[in-house]
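# Descriptive structure summary
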Amino acid sequence: MGDTPRSQTVSTKLHRIAEQAVQYPQMAFTAIMHNIDINFLKEAHHRTRKDAAPGTDGVTAEEYALNLEENLQNLYERMRGGRYEAPPVKRAWLEKDDGSKRPIGMPQFEDKIVQRAVSMLLGAIYENDFYDFSYGFREGRSPHQAIGALREWCRKLNISWIVDADVSGFFDNLDHGLLRDIIKRRVNDGGVLRYIGKWLNAGVLEGKCLSYPEKGAPQGGVISPMISNIFLHHVLDEWYEKEVKPRLKGRSFLIRFADDFIIGCEKEEDARKVMEVLPKRFNRFNLTIHPEKTTLVDFRKPDTKNETGSGNGTFDFLGFTHYWGKSRRGYWVIKRKTARKRLKRTIGRIWRWCRNNRHEPLKEQYRMLCAKLRGHYQYFGIRGNYRCLEFIVYEAKRAWRYWLSRRSSKSYIRCEKFQRILAKYSLPTPRIVHSI
């Protein structure tokens, strides 16, 4: 199916803005908010995910769509009249691998539409400014492209040292004032800045407690990835490309996915210089490079290391451990496997799910387990990672049998019986999805 007249009109507006951004790379846009009309909001609604949990008002995407025309018209009138107020974000907590918890936000669906609309405007401008080595939350880019590029740059540039950096709580510590100053360099539209200010100061509702954080990006918000990319483009990407890279003696690269990034260097002295200046740069913007989680990795080929060579020779990036290994022909190549933390997290989630759903009908349990395994293959199914995928299936079978045996005190399932269950409900076999 072709684009609708609505999407064609919106695309024309965004294309015009993008052309101006290319033509005038130093210009600050002062009037772009007027582009958001009813058709623009309809397109923003079309591009907004519909399967997320509802926000503080409890309205789902399906419920909002029942009177879509009326709701969007009402929303447009409030925006045009300056009466739109950003609602608080509902907060929940997810357990991390180390036992700590991280917050997740659930904005109201209508607010997501407005955030999407503003994000579309900003994207039309900044996509011209962002560097090719920035992969996070950008249209047409994916983590697997970043992983593939990392391997290629290591090979082409003879990279021997990796700066594996970790920014402490980036999304929780983003400075509102500094963000505003950075955005104003390229977008000085009062309407856009007011809306971003509203979202940053909308508040967080946890249970019945409403708080107003003085720093940080709105958790779960559609606008968060965009403003975070803008912030780090200035703090890290431009700084590296214009100030750091020209001063290094050897070749180097930077690959960034949101706040997760890797810097590769050909020479050890360059890598150590980067390790020294990186914390100072981030401190200028009220951010902290974690001193313990940020490491310098000796990533030379094993056959080129001398006796004084140090380092474990591996690092984690985007859920994969990157390491040197022998190919079938006996050559040293960079390989990838599921990172131990990710493996542990996935197994833990499967065991907990099997425990919590052990009384569900067998057919329903099978359906959900298949969905979970296929989802895992979809991300981690890369060439060279087959053994880790097999291990996940093995653990899924163990967990399923264990908790089926504990439906009651008399329901222990012997191996033969479980094999008959698997014959009828065969879990999907691992498969390689990405050949990178």
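First things first, this report covers the structure right here in the doc. Fair warning: this is a prediction, and the values are worked out from it, not measured in the lab. Counting restarts for each chain: residues are numbered from 1 in the order of the written sequence. Totals for whole chains, interfaces and linings use every residue, but because this is a predicted model, local features are given only for residues with pLDDT of at least 70 and side-chain atom pairs only at 80 or more, for both listing and counting. Values reported for side chains reflect all heavy atoms of the structure, with hydrogen atoms and water molecules removed beforehand.

## Observations regarding the overall build of the chain
Put simply, DSSP marks the helices as runs of H or I at least four residues long and the strands as runs of E at least two long, and each gets a number from the N terminus on. Scanning the chain from N- to C-terminus turns up 15 helices and 11 strands. Here the chain has a C-alpha radius of gyration of 25 Å; the compact-globule value for 436 residues is 22 Å, and the two agree. Taken along the three principal axes of its C-alpha coordinates, the chain extends 70 × 60 × 45 Å. Looking at the chain residue by residue over its 436 residues, the buried ones come to 45%. Residues count as neighbours in contact if any of their non-hydrogen atoms are within 4.5 Å of one another. A separation of at least 24 residues holds for 71% of the contacts in the chain among residues at least 6 apart in sequence. The Shrake-Rupley method, run with a 1.4 Å probe, gives the accessible areas here. Residue values count only the displayed protein chains as cover. Roughly 23300 Å² of accessible area belongs to the chain as shown, and the carbon and sulfur atoms make up 48% of that amount. Charged-residue counts in this description rest on Lys and Arg as positive and Asp and Glu as negative, His and the chain ends being excluded. Charge coordinates come from a single atom per side chain, which is NZ of Lys, CZ of Arg, CG of Asp or CD of Glu. Computed over 78 positive and 51 negative side-chain charges, the inter-centroid distance for the chain is 7 Å. Atoms counted for the radius of gyration: C-alpha only. Globule rule: 2.2 Å times the number of residues to the power 0.38. We call a residue buried when its accessible area falls under 20% of the maximum for its residue type, exposed when it is over 50%, and partly exposed in between, using a 1.4 Å probe and counting protein chains only.

## Examining the packing of helix α2 (residues 38–47) against helix α5 (residues 109–126)
How two helices sit against one another is set out by the angle between their axes and by the gap between those axes. As a packed pair, α2 and α5 sit with axes 8 Å apart at the nearest point and diverge in direction by 105°. Between α2 and α5, the interaxial angle falls into the category roughly perpendicular. Here Phe40, Leu41, Glu43, Ala44, His45 and Arg47 of α2 come into contact with α5, specifically with Phe109, Ile113, Arg116, Ala117, Met120 and Leu121. Here the term charged refers only to Asp, Glu, Lys and Arg, the term nonpolar to Ala, Val, Leu, Ile, Met, Phe, Trp, Tyr, Cys and Pro, and the term polar to all other amino acids, Gly among them. Split into classes, the residues belonging to the contact of α2 with α5 amount to 8 nonpolar, 1 polar and 3 charged. Lines fitted to C-alpha atoms define the axes here, with helix axes fitted over just the stretch in contact, and angles between the N-to-C directions of these axes take values from 0 to 180 degrees. Each angle is binned into one of four classes, with values under 35 degrees roughly parallel, values over 145 roughly antiparallel, values of 65 to 115 roughly perpendicular, and all other values oblique.

## Describing the sheet that holds strand β10 (residues 320–326)
The strands that make up a sheet pair up through hydrogen bonds in the backbone, lying either parallel or antiparallel. By this definition, two strands are paired if DSSP reports at least two bridges between them. Taken in spatial order, the 3 strands make up an open sheet running β9-β10-β11, and their pairing is antiparallel. The outermost strands of the open sheet, each flanked by one partner alone, are β9 (315–317) and β11 (332–338). Looking at each pair of strands side by side, their axes are set apart by 40° on average, direction ignored.

## As for the packing of aromatic side chains
Aromatic ring pairs: the centre-centre distance and the angle between the two ring planes describe each pair. Two rings from Phe, Tyr or Trp (for Trp, the six-membered ring) form a pair when their centres sit within 6.5 Å of each other. Planes less than 30 degrees apart are called stacked, planes more than 60 degrees apart edge-to-face, and all others tilted. Evaluated as defined, the whole model comprises 21 aromatic pairs. With a centroid separation of 5.1 Å and 5° between ring planes, the pair formed by tyrosine 131 and phenylalanine 133 is classed as stacked. The exposure class assigned to phenylalanine 133 is buried, which follows from its relative accessible area of 13%. A ring pair is formed by phenylalanine 299 and phenylalanine 315, whose centres lie 5.1 Å apart and whose planes are at 70°; its orientation type is edge-to-face. Residue phenylalanine 299 is located in the loop between β8 (295–298) and β9, and its partner phenylalanine 315 is located in strand β9; the two are separated by 16 residues in the primary sequence. Per residue, the accessibility class of phenylalanine 299 equals that of phenylalanine 315, and both read buried. Between the NZ or CZ atom of arginine 141 and the centre of the ring of tyrosine 135, over which it lies, the distance is 5.0 Å. Throughout this description, the term charge over a ring refers to an Arg CZ or Lys NZ atom that lies within 6 Å of the ring centre and within 35 degrees of the ring normal.

## Notes on the nonpolar core
Ranked by size, the top nonpolar core spans 74 residues in total, and within it Leu122, Phe261, Leu278 and Phe282 carry the most contacts. With sequence-adjacent residues up to four places away left out, phenylalanine 282 is seen in contact with Val167, Leu232, Val235, Leu236, Phe261, Leu287 and Ile289. Formed by 48 residues, the second largest nonpolar core is a distinct cluster that contains Tyr135, Leu157, Trp353 and Ile421. Throughout this description, the term nonpolar core refers to a set of buried Ala, Val, Leu, Ile, Met, Phe, Trp, Tyr and Cys residues connected via side-chain atoms within 4.5 Å.

## Re empty space enclosed by the protein
Residues are said to line a cavity or pocket when one of their atoms sits within 4 Å of a point; the points come from a 1 Å grid over protein atoms alone, cavities being sets where a 1.4 Å probe fits but cannot get out and pockets being open sets with protein on both sides within 12 Å along at least five of seven lines. Grid points are joined across faces, edges and corners, and a volume is the space filled by probe spheres set on the points. Evaluated as defined, the whole model comprises 1 cavity of 30 Å³ or more. Considering only enclosed or pocket space, the largest cavity measures out at about 70 Å³ in volume. Around the largest cavity, the lining comprises 13 residues; the ones closest to its centre are Ala52, Ala53, Ala61, Phe109 and Lys112. Split into classes, the residues belonging to the lining of the largest cavity amount to 7 nonpolar, 2 polar and 4 charged.

## Here we look at the side chain of lysine 13
Its place among the elements puts lysine 13 in helix α1 (residues 5–23). Contacts described as polar in this section are N or O atom pairs within 3.5 Å, which, within protein, must combine one atom able to donate a hydrogen with one able to accept it, while residues neighboring in sequence count only if both atoms come from side chains. A distance of 2.9 Å separates a polar atom in the side chain of lysine 13 from the backbone oxygen of asparagine 35. When neighbours within four sequence positions are excluded, lysine 13 is seen to be in contact with Asn35, Asp37 and Phe40.

## Overview of the environment of asparagine 39
For asparagine 39, the location among the structural elements is in helix α2. For asparagine 39, a relative accessible area of 28% puts it in the partly exposed group.

## Comments concerning the sheet that holds strand β7 (residues 260–265)
Read from one edge of the open sheet, 4 strands run β6-β7-β3-β8, paired in antiparallel fashion. Only two strands of the sheet have a single partner each, and these edge strands are β6 (252–257) and β8. Strand-to-strand twist of the sheet, defined as the mean angle between neighbouring strand axes without regard to direction, takes the value 20°. For strand β3 (residues 161–164) and β7, the ladder comprises 4 bridges, and the chain directions are antiparallel. Looking at β7, one finds that tryptophan 161 is bridged to cysteine 265. Strand contacts of helix α6 (residues 143–156): β3, β6 and β7, with the helix running at about 170° to β6, the strand carrying the most contacts.

## Quick notes on the pattern of salt bridges
A carboxyl oxygen of Asp or Glu within 4 Å of a side-chain nitrogen of Lys or Arg is what we treat as a salt bridge. Going through the model one piece at a time under the given rule, you end up with 21 salt bridges. The partner of arginine 6 in a salt bridge is glutamate 43, and the shortest N-O contact between them spans 3.0 Å. You can see arginine 6 sitting in helix α1 and its partner glutamate 43 sitting in helix α2, a full 37 residues away along the chain. Overall, arginine 6 belongs to the partly exposed group, its relative accessible area being 22%. What makes glutamate 43 buried here is its relative accessible area of 5%. Residue arginine 398 pairs with glutamate 395 through a salt bridge whose shortest N-O separation is 3.1 Å.

## Section: the packing of helix α4 (residues 68–80) against α5
Packing of α4 against α5 leaves a shortest axis separation of 12 Å and a crossing angle of 60°. Here α4 lies oblique to α5, going by the angle between them. Between α4 and α5 lies a crossing of right-handed hand. The residues of α5 that touch α4, namely those facing Asn71, Leu72, Leu75, Arg78 and Met79, are Glu110, Ile113 and Val114. Partitioning the contact of α4 with α5 into residue classes produces 5 nonpolar, 1 polar and 2 charged. Here is the rule for handedness: rotate from the far helix to the near one, and if that takes an anticlockwise turn smaller than a right angle the crossing is left-handed, while a clockwise turn gives right-handed.

These results come straight from atomic positions and should not be treated as a statement about function.
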